[in-house]
Amino acid sequence: DAGEDEGIEENDVVMSSVGVVGVVVETGPNYSRVSTILSPSVSVASFVSSTRDTGVVCGDSRFSNDGKTVIKYLPKNTKAELGDIISTTGMGEVFPKDLLIGTIEEITTDSSGNYSYAVVKPVSEISEIKTVFIIKSY
């Protein structure tokens, strides 16, 4: 029920009280459409808290129906572990640094064998969210 009339714009970051939800992709006078971190269309530069390994969080259809996303392009010899926290790096022009995304539930080498990826359980229960807030600038 909020949109351009309230100053919301495309690429504004959408948050719950605990972490990243997604990004605004469309606005009207009194509405905003959001793509969540479960969507393959949303990419977030991210890092693993314990190892500082960087990657890209983006949706993957194999996991999104279960409310999970993935962090891709981790080093193939990553020391990341189950339960490690994933946060934003601040690289790029959309997401500020150090916003909480989720925790690692599984780590696998990708099909090329060049990288690892991890299945991430978002800290925000995306399907249950009723109220969000928008980061306008940082």
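Because the structure is predicted, anything quoted here is derived from the model rather than measured.

What counts as what
Residues numbered from 1 in each chain as written. Predicted model: local features only at pLDDT ≥ 70, side-chain atom pairs only at ≥ 80, totals over all residues. Heavy atoms only, no water. Phe/Tyr/Trp six-rings, centres within 6.5 Å; stacked < 30°, edge-to-face > 60°. Helix = DSSP H or I, 4+ residues; strand = E, 2+ residues; numbered from the N terminus. Buried < 20%, exposed > 50% of the residue type's maximum accessible area, 1.4 Å probe, protein only. Core = buried A, V, L, I, M, F, W, Y, C linked by side-chain atoms within 4.5 Å. Contact = heavy atoms within 4.5 Å. Pairing = 2+ DSSP bridges. Axes fitted to C-alpha atoms, helices over the stretch in contact; angles between N-to-C directions.

Caption draft 1: Examining the packing of aromatic side chains more closely. Applying the stated criterion to the full structure yields one aromatic pair. Considering the side-chain rings of Tyr73 and Tyr115, the 5.5 Å spacing of their centres and the 85° angle between planes classify their relative orientation as edge-to-face. Residue Tyr73 is found in strand E6 (residues 69-75), and its partner Tyr115 is found in strand E9 (residues 115-122); the two are separated by 42 residues along the sequence. Assessed through its relative accessible area of 37%, Tyr115 is described here as partly exposed.

Caption draft 2: Representation of the nonpolar core in the model. Counting residues in hydrophobic clusters, the biggest one holds 26 residues, and the most contacted among them are Val20, Ile37, Val44, Ile71, Ile86, Phe95 and Ile101. Of all elements in the fold, only strand E1 (13-15), strand E2 (20-28), strand E4 (43-48), E6, strand E8 (100-109) and E9 reach the threshold of two or more residues within this core. Element by element, the count of residues in this core is highest for E2, at four residues. Among all residues touching Phe95, those that are not within four sequence positions of it are Val13, Val20, Gly22, Val23, Val42, Ser43, Val44, Thr88, Gly90 and Tyr138.

Caption draft 3: Expanded view of the sheet that holds E8. Spatially, the six strands close up into a barrel ordered E4-E5-E6-E9-E8-E7, and their pairing is antiparallel. Sheet twist, expressed as the average angle between the axes of neighbouring strands with direction ignored, equals 40°. Judged from the seven bridges that link them, E8 and E9 form a sheet pairing that is antiparallel. Along E9, the bridge assignment pairs Ile107 with Ala118.

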